[in-house]
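An overview of the molecular structure
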Amino acid sequence: MRQPFDSKRFLQSLTRSPGVYQMFDAEGRILYVGKAKNLRNRLSSYFRAAGLTAKTMALVERINSIEVTVTRSETEALVLEQSLIKSQKPPYNVMLRDDKSYPYIFLSSKDTFPRIALHRGAKRKKGQYFGPYPNAASVRDSVNFLQKTFRIRSCEDSVFRNRSRPCLQYQINRCTAPCVNFISEEDYRADVRHAEMFLSGKSDTIIRELADEMDKASKLLDFERAARLRDQIADLRRLQADQVAERSSGNVDVIGVAVLGGNCCVHILFIRQGRILGSRSYFPAERLGLSAAELLSAFIPQFYLGGRREVPREILTAEAVGDTELLQRALSEHSGREVTLAHRLRGNRATWVSMAQQAAEQNLSSRTAAQQKLLSRFGALQESLGLEQLPERLECFDISHSSGEAPVASCVVFDTGGAVKSDYRRFNIEGVQPGDDYAAMAQALKRRYTRLASGEGKFPNILLIDGGKGQVRQAVDCLNELGVVGVQIIGVAKGSSRKAGLETLYVVAGDKTHVLASDSAALHLIQQVRDEAHRFAITGHRARRDKKRRESPLEGIPGVGPARRRALLRHFGGLQEIRRATVDELAGVDGVSGKLAREIYDAMHSH
């Protein structure tokens, strides 16, 4: 039996300086990371006789050791704390799972005819970056609007330079075809300037300019141009009507927060140049029963300091945030400009906060209801299969390919809280006969469960196989070979009509066959998991297939690098002519020896 942590002796020698503390359990695993202005005072609060919440007491009971790192200031401690949370992922900290960088709209500046595109990642290209946007869909909506209204090109430079005639975007009035000089540089630059003004929140100025140009065009009897300008004005006014915006150029993030029954939601409105670009909800994991204000105090530094996200000049919150001055200093140092946090607001800012708060409450309520519904489905599955215990983890496998080409197997994982996407896996199937789903399933299962058997993850209670008895037999043989026990295997076979609701379940335990009612909650859970496995498999298959089809057969030939590929293509004019060429003709290309010509010939005729 382990000895309890001696907090008195630990605290006696502890410094009162600012710093970071890390709590570990008896096996040396990280439990919690925190920061403090005064380390002794902060850590003493965990070991007081009364006043701790049940969840904090559960954390304290697991503490076996505490390590501290002294810092020069509280701000430095905050930054170090976020770095440790991100790298170590302690279970008792508020964890923000989605750490992807946000997308921007990129408008190039080095091109004679600038292009507009979605951009994510480091800002290395020369041009202007507008955003950030909450997700790629928001960027695409804005790009589509800009193409429709101002007809700015979005094609890659490699495509633009090699066009000899207008593409479909020109045909549907989404581009002015600068690639073939259908528009002058001056007129195109005018369209680009209007797009820049729109993205900078200057829609009123654009409308006034367009209205003046429309009047001029009408006086010159250029009614076609006047009609086009009228449509641009109408599009801009419609978009303005949908926006709750103020007449300023403020860059603001607005944060609402809701806490309900151990679950929490943080909803952020992204506002740039006074215009709402979009919003996004986060459901951070937290195990200490934090209040809404405490949750915000933990969420904000992790959100802005833990990644590459842009920090706006102003952050508006629905609740007063503790350590406001500390957070403002840390965010200002991180961004290189002054950042303010505020929660007592009026006017449009109060409206924004109300919108964010209502969204947080609504999304949390919807998520909680969905989780309760999912839990009831797990209960129905337990009852339908006659299981002694509630199944807490399901895995489902599916295979996707196009007539045997580029097969990919998927594995999706669900627990009583929903899809566990961090545990999803895809397997590129290699070395099997094209179209042999049995062999593909066997390979995927063996790769997956060999890793689980070595301790890389958790075993499921139920393994679902999208297929009939043949695929189920592969699963049984695989798990028996690896010595895996305690996993219920179920095959999900579509009926003869292949319609949803007519599936047959093959349950290995007891060699039973089930046909559940079409309105069965258990069947709905199985369909949900099966359909997700199918979606995940087909997405991976299409990506692999498309990548393979884009590859040149010359790329896999040893000794044929980019320079020789270019020489061959320039000499023959294309892949078909290279395939028709003899060995001697191939050897006539500069840099291609007779031996290499033979290898190229053999490779081109083996496909």
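Our structure is the block above this text.
Numbering of residues starts from 1 in every chain and runs along the sequence as written. At least 70 in pLDDT is required for a residue's local features to be given in this predicted model, at least 80 for side-chain atom pairs to be given and counted, and no such filter applies to totals for whole chains, interfaces and linings, which use all residues. Note that the side-chain values use all heavy atoms of the structure and ignore hydrogens as well as water.

1. Observations concerning the sheet that holds strand E6 (residues 127–130)
Where we set the bar: The criterion for strand pairing is that DSSP finds at least two bridges linking the strands in question. A helix here means a DSSP run of H or I that spans at least four residues, while a strand means a run of E at least two residues long, and both kinds are numbered starting from the N terminus. Angles shown run from 0 to 180 degrees and are taken between the N-to-C directions of axes, each axis being a line fitted to C-alpha atoms and, for helices, limited to the stretch in contact.
Spatially, E5-E4-E6 is the arrangement adopted by the three strands of the open sheet, whose pairing is antiparallel. Edge positions in the open sheet fall to strand E5 (116–119) and E6, since each of these has one partner strand only. Here the average twist between neighbouring strands, direction ignored, is 30°. Note that strand E4 (residues 104–108) and E5 share four bridges and pair antiparallel. Within the sheet, the bridge partner assigned to leucine 107 lies in E5 and is isoleucine 116.

2. Let's talk about the nonpolar core
Across soluble globular proteins, nonpolar side chains have a tendency to be buried as a group. The condition is simple: Think of a nonpolar core as a cluster: buried Ala, Val, Leu, Ile, Met, Phe, Trp, Tyr and Cys residues, connected wherever their side-chain atoms sit within 4.5 Å. Buried residues are those whose accessible area, probed at 1.4 Å on protein chains only, stays under 20% of the maximum for their type, while exposed residues exceed 50% and partly exposed ones sit between those limits. Every residue pair with non-hydrogen atoms within 4.5 Å of one another is taken to be in contact.
Counting residues in hydrophobic clusters, the biggest one holds 44 residues, and the most contacted among them are Tyr21, Met23, Tyr32, Leu43 and Leu331. Examining the composition of this core, we find that eight residues originate from one element, helix H11 (residues 292–305), more than from any other. Dropping the residues within four chain positions of it, leucine 331 is found in contact with Ile300, Tyr304, Leu305, Val311, Ile315, Val339 and Leu341. Membership of the second largest hydrophobic core comes to 26 residues, among which are Phe130, Leu146, Ile183 and Phe198.

3. As for the sheet that holds strand E9 (residues 275–282)
In spatial order, the strands read E9-E8-E7-E10-E11; together these five strands make up an open sheet with mixed pairing. The strands lining the two open edges of the sheet, one partner per strand, are E9 and strand E11 (340–342). The sheet shows a mean angle of 20° between the axes of neighbouring strands, direction not considered. Across three bridges, the pairing between strand E10 (residues 314–317) and E11 is parallel. Residue pairing in the sheet places leucine 316 in a bridge with alanine 342 of E11. Against the sheet, H11 touches strand E7 (252–260), strand E8 (263–272), E9, E10 and E11, its axis set at about 135° to E7.

4. Considering the pattern of salt bridges
Cut-off, in case you're wondering: Salt bridge, as used here, is a side-chain nitrogen of Lys or Arg placed within 4 Å of a carboxyl oxygen of Asp or Glu.
Within the structure shown, the criterion is met by 22 salt bridges. Ionic pairing is found between aspartate 157 and lysine 110, a salt bridge with its closest N-O pair at 3.7 Å. Note that aspartate 157 is positioned in helix H6 (residues 157–161) and lysine 110 in the loop between E4 and E5, a separation of 47 residues in sequence. Taking the relative accessible area as the measure of exposure, aspartate 157 reaches 18% and is therefore buried.

5. A few points about H11
Put simply, the rule is: Given a helix with a known number of residues, its expected span is that number minus one, times 1.5 Å.
In a regular helix each residue adds 1.5 Å, so 14 residues correspond to 20 Å; H11 covers 20 Å between its end C-alpha atoms and thus fits that length. Burial of H11 is extensive: 10 of the 14 residues sit out of reach of the surface. The set of residues buried in H11 consists of Ala292, Leu295, Leu296, Phe299, Ile300, Pro301, Gln302, Phe303, Tyr304 and Leu305.

6. Quick notes on the packing of helix H4 (residues 74–88) against helix H12 (residues 324–335)
Stated precisely, the cut-off is as follows: What sets the label is the angle itself: under 35 degrees gives roughly parallel, over 145 gives roughly antiparallel, 65 to 115 gives roughly perpendicular, and the rest give oblique. The residue classification treats Ala, Val, Leu, Ile, Met, Phe, Trp, Tyr, Cys and Pro as nonpolar and Asp, Glu, Lys and Arg as charged. All others, Gly included, are polar.
Viewed as axis vectors pointing N to C, H4 and H12 meet at an angle of 70°, and their least axial separation amounts to 9 Å. Accordingly, the angle class assigned to the pair H4 and H12 is roughly perpendicular. Where H4 approaches H12, its residues Glu74, Thr75 and Leu78 are matched on the opposing element by Leu326, Leu327, Arg329, Ala330 and Glu333. Broken down by class, the residue content of the contact of H4 with H12 amounts to four nonpolar, one polar and three charged.

7. A word on the packing of H11 against H12
It is at 11 Å that the axes of H11 and H12 come closest, and there the two elements cross at 5°. As judged from the angle between their axes, H11 and H12 are roughly parallel. Listed contacts from H12 to Ile300, Pro301, Tyr304 and Leu305 of H11 are Leu327, Ala330, Leu331 and His334. Looking at the contact of H11 with H12 residue by residue, the classes come out as seven nonpolar, one polar and no charged.

8. Quick look at helix H17 (residues 562–572)
Since the α-helix packs 3.6 residues into each turn, any two residues three or four apart lie on the same face. Put simply, the rule is: Our arc is simply the arc of the directions from the helix axis toward the C-beta atoms.
Those residues of H17 that sit buried are Ala567, Leu568 and Phe572. Taken around the axis of H17, the buried residues stretch over an arc of 105°, which confines them to a single face. Buried residues in H17 make contact with helix H18 (575–580), helix H19 (583–587) and helix H20 (594–604). Once H17 finishes, glycine 573 follows within two positions and takes phi at roughly 95°, a positive value.

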